[in-house]
There are 2 protein chains.
Amino acid sequence: MSSEQLASHGHTTAAQVRKDLSHFGSFGKRGLGYSIEELSVRLRAILGLDRVWQVVLVGAGRIGSALFEYPDFKMRGYDCVAIFDSDPEKIGVQWGTTTIHSSERLEAVIEQLDVDLVILAVPASVAQEIADRAVEAGVRGILNFAPVQIKVPDSIPVEDVNLVMQLEALSFKITRGGAGE
Amino acid sequence: MSSEQLASHGHTTAAQVRKDLSHFGSFGKRGLGYSIEELSVRLRAILGLDRVWQVVLVGAGRIGSALFEYPDFKMRGYDCVAIFDSDPEKIGVQWGTTTIHSSERLEAVIEQLDVDLVILAVPASVAQEIADRAVEAGVRGILNFAPVQIKVPDSIPVEDVNLVMQLEALSFKITRGGAGE
DNA sequence: CGCGGCTTGTGAAAATCTTCGCAAATGTAG
DNA sequence: CTACATTTGCGAAGATTTTCACAAGCCGCG
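What counts, and where the lines are drawn
Residues numbered from 1 in each chain as written. Chains lettered and ligands numbered in written order. Predicted model: local features only at pLDDT ≥ 70, side-chain atom pairs only at ≥ 80, totals over all residues. Heavy atoms only, no water. Least-squares fit on C-alpha atoms with pLDDT ≥ 70 in both. Contact = heavy atoms within 4.5 Å. Domains from an automatic or database assignment. Helix = DSSP H or I, 4+ residues; strand = E, 2+ residues; numbered from the N terminus. Expected span 1.5 Å × (residues − 1). Buried < 20%, exposed > 50% of the residue type's maximum accessible area, 1.4 Å probe, protein only. Near = heavy atom within 4 Å. Polar contact = N/O pair within 3.5 Å; in protein donor to acceptor, adjacent residues only side chain to side chain. Nonpolar A, V, L, I, M, F, W, Y, C, P; charged D, E, K, R; others polar. Salt bridge = Lys/Arg side-chain N within 4 Å of Asp/Glu carboxyl O. Core = buried A, V, L, I, M, F, W, Y, C linked by side-chain atoms within 4.5 Å. Pairing = 2+ DSSP bridges. Axes fitted to C-alpha atoms, helices over the stretch in contact; angles between N-to-C directions.

*Asks:* For this particular structure, what's the right way to read the relation of the copies chain A and chain B?
*Replies:* The relation between the two chain copies is a rotation about an axis coupled with a shift along that axis. Superposing chain A onto chain B requires a rotation of 180° together with a translation of 0.0 Å along the rotation axis, leaving an RMSD of 0.1 Å. In symmetry terms, the pair is related by a two-fold rotation axis. Counting the interface residues of chain A, we find that 98% of their copies in chain B are interface residues as well, pointing to one common contact surface.

*Asks:* Just checking my understanding: could you explain the domain arrangement of chain A for this structure?
*Replies:* A common measure of how large an interface is: the accessible area buried when the components associate. Split by domain assignment, chain A resolves into domain 1 (3-47) and domain 2 (53-164). For domain 1 of chain A versus domain 2 of chain A, the separation of C-alpha centres amounts to 34 Å.

*Asks:* In this structure, what is going on with helix 8 (residues 163-177) of chain A? I would like to understand it.
*Replies:* An α-helix turns once every 3.6 residues. As a result, residues three or four positions apart point the same way. The terminal C-alpha atoms of helix 8 of chain A, which comprises 15 residues, lie 22 Å apart, in line with the 21 Å expected from a rise of 1.5 Å per residue. Residues of helix 8 of chain A that are buried: Leu163, Val164, Gln166, Leu167, Glu168, Leu170, Ser171, Phe172, Lys173 and Ile174 of chain A.

*Asks:* For this particular structure, what's the right way to read the protein's contact with DNA strand C?
*Replies:* DNA strand C sits among 20 residues. The nearest are Ser3, Arg18, Ser26 and Tyr34 of chain A together with Arg30 of chain B. For DNA strand C, the backbone makes up 61% of the atoms found within 4 Å of the protein, where backbone means sugar plus phosphate. Thr13 of chain B places a polar side-chain atom, nitrogen or oxygen, 3.2 Å from a phosphate oxygen of DNA strand C. Listed by contribution, the elements that provide at least two residues to the surface near DNA strand C are helix 2 (14-22) of chain A together with helix 2 (14-22) of chain B. Residue contributions to the surface near DNA strand C peak at three residues, all from helix 2 of chain B. Along the lines of polarity and charge, the residues of the surface near DNA strand C split into four nonpolar, nine polar and seven charged.

*Asks:* Sorry if this is basic, but what is going on with the side chain of Glu159 of chain A here?
*Replies:* Among the secondary structure elements, Glu159 of chain A is positioned in strand 7 (residues 158-160). On the accessibility criterion, Glu159 of chain A (13% relative accessible area) is buried. Within the structure, Glu159 of chain A has its side chain in polar contact with the side chain of Gln166 of chain B (distance 3.0 Å). Not counting residues up to four positions away in its chain, the partners in contact with Glu159 of chain A are Ile142, Leu143 and Asn144 of chain A together with Gln166, Ala169, Leu170 and Lys173 of chain B.

*Asks:* Quick question: what am I supposed to make of the protein's contact with DNA strand D here?
*Replies:* Neighbouring DNA strand D are 20 residues; Arg30 of chain A together with Ser3, Ser26, Gly31 and Tyr34 of chain B lie closest to it. Sugar and phosphate atoms form 61% of the subset of DNA strand D atoms that lie within 4 Å of the protein. A distance of 3.2 Å is found between a base nitrogen of DNA strand D and a side-chain nitrogen or oxygen belonging to Arg18 of chain A. Arg30 of chain B places a side-chain nitrogen or oxygen 3.0 Å from a sugar or linking oxygen of DNA strand D. Those elements that provide at least two residues to the surface near DNA strand D are helix 2 of chain A together with helix 2 of chain B. Considering each element in turn, the surface near DNA strand D owes the most residues, three residues, to helix 2 of chain A. Grouping the amino acids of the surface near DNA strand D by side-chain chemistry returns four nonpolar, nine polar and seven charged.

*Asks:* Help me out: how do you make sense of the interface of chain A and chain B in this one?
*Replies:* The interface of chain A with chain B comprises 49 residues on the first partner and 48 residues on the second. The interface formed by chain A and chain B includes four salt bridges. Measuring nitrogen to oxygen at the nearest pair gives 2.9 Å for the salt bridge that ties Glu159 of chain B to Lys173 of chain A. Counting residues per element, the side of chain A that touches chain B draws most heavily on helix 8 of chain A, which supplies twelve residues. Along the lines of polarity and charge, the residues of the side of chain A that touches chain B split into 27 nonpolar, twelve polar and ten charged.

*Asks:* It is not clear to me how the nonpolar core should be interpreted in this structure. Could you clarify?
*Replies:* Where a protein is soluble and globular, its nonpolar side chains tend to be buried together. Formed by 50 residues in total, the largest nonpolar core has its most connected members in Leu57, Ile83 and Leu117 of chain A together with Leu57, Ile83 and Leu117 of chain B. One finds Val56, Val118, Ala134 and Ala146 of chain B within the second-largest nonpolar core, a separate group that totals 24 residues.

*Asks:* Explain the sheet that holds strand 2 (residues 78-85) of chain A here, please?
*Replies:* Whether parallel or antiparallel, the strands of a sheet pair through hydrogen bonds between backbone atoms. Residues and elements named next belong to chain A. Strand order in the open sheet formed by seven strands is 3-4-2-1-5-6-7, and the pairing between neighbours is mixed. Looking at strand neighbours, the two that pair on one side only are strand 3 (94-95) and strand 7, the edges of this open sheet. In terms of strand pairing, strand 6 (residues 141-144) meets strand 7 through three bridges, oriented parallel. Its bridge partner lying in strand 7, Ile142 is registered against Val158. The strands that helix 6 (residues 106-113) touches are strand 1 (53-58), strand 2, strand 4 (98-102) and strand 5 (117-120); relative to strand 2, the one it contacts most, it runs at about 160°. Together, strand 1, strand 5 and strand 6 form the strand contacts of helix 7 (residues 124-136), whose direction differs from that of strand 5 by roughly 170°.

*Asks:* I'm lost on the side chain of Asp116 of chain A in this one. Help?
*Replies:* One can find Asp116 of chain A in the loop between helix 6 and strand 5. Residue contacts for Asp116 of chain A: discarding those within four places in its chain leaves Arg51, Val52, Trp53, Gln54, Val139, Arg140 and Gly141 of chain A.

Shown next, in the form of C-alpha cells:
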C-alpha cells in the first residue's frame, strides 16, 4: 500500500505519512509502498503495544462500568486486573471474574501486581487524592475521566477524557461557521 | 488576573495566552490583567456556549447510559431531547423524563426538534449508517464514540472519542521513556 | 540487461506556531 | 501632576511542522 493510500485513510497527506514514518526508520520499499503486515508489527513495537498492560479501574460508577464492559480493551492488550470503589455497598461485588475492592487497598494492589496504568473514573473531588496515591505506589500512567486538571510529576503521563470539552469543541466549530477542522 | 497567572492554570505560557486571546479581540487592561468575569462571558459567546444545544443520543447501551446520567451535560447547556435504540426491548423505556425511541424515528425527531448534535454511542457496524441519516436530516455536528472513522461532508464537524487510542497514547509515552508530553 | 512506470526517503522551501521584546496603557503613591 | 511598577497587544525573531520536489531504489517486461 502506498503512502498515498495510507493518507487517504487517515486525515492527512502522503508526504506527511512518509515523514512521520521516516522518523522511526525506513519501512517501505520504493516503487512498491508499505507492507501492511510489516508496518503493523513494527509500529506496534514502537508504540509499545506488543505486550499486555496491567490496568486498574478506580470508580465503579456508570463510567467505570461502561469502560469495564468495553470489549476492545482486553482485545487491545489492556488487562483490567482490579477494580476499586469507596462505596461499601459495592465492595466485594464481582464484575465478571474481577472483584471490587475497597479503595484503601489501592497501593497494595498496585505494588503487588506491578500495575502500569490507572483509569480514574471517580468524582472530581477525589481524583487528585487517588492520583497522588497511585503515583506514589508506582503507577506509570493515568487515564483521567474526572473533569479536573490533576497534577502529577512530569515523568507520569496523563491523558484526559473530557466529554464536555469535546461537545464544546463541536459547538465552536458550528458557531464559527461550517468547516469541520 | 494576569496572563502569567492564567498560563499557570492551563499548561501554557503567558505569551501564548495573550496571543490566543488577541486572536479574538482585546480583552485585557494594561497594568491590570484580565477580568475573569468578562473573559468568561466573552469567551462563552465566542465558543457558542451562551445558548442551549439540542442533542440526541443514539444507542442506549452502557456508554449511552453513562453519558445520559452525566450531570455536567445539562449544566453546560447540552439538552438531551431524545434517545434512540434499535433494540425492541428498550424502546418505550423511560430514562428520567426522556423516552427511548425506535431508531427509525431518528430523521423525524431531528427535523421536528431542530436538533443540533448527535451523540453516536452505537456499535461500529452501524455508526456510518446512522451518521448518514442524521446528516441528511440536518444535524450540525457529531460526537462519535464508535471506533470507526465516519465520513461526512466537510461542513459537518465530527469529534471522535476513542478511549483505546488514548490508552495507546499513554503506552507510547511510557515506552518512549518518562517525559509526559 | 536496460528501460519505464512507480514510490520511497529526504533535503530544502514554505507555512505555521511560539517566544521575545518593548512601546503604549493603566493604576498607585507621593 | 509626575514618577513608578505593572501588564497588555503586537511586530519581529526564532522554532517547528508541513509541503514540495526529486534523486535513488524497486519491479516487471522484453
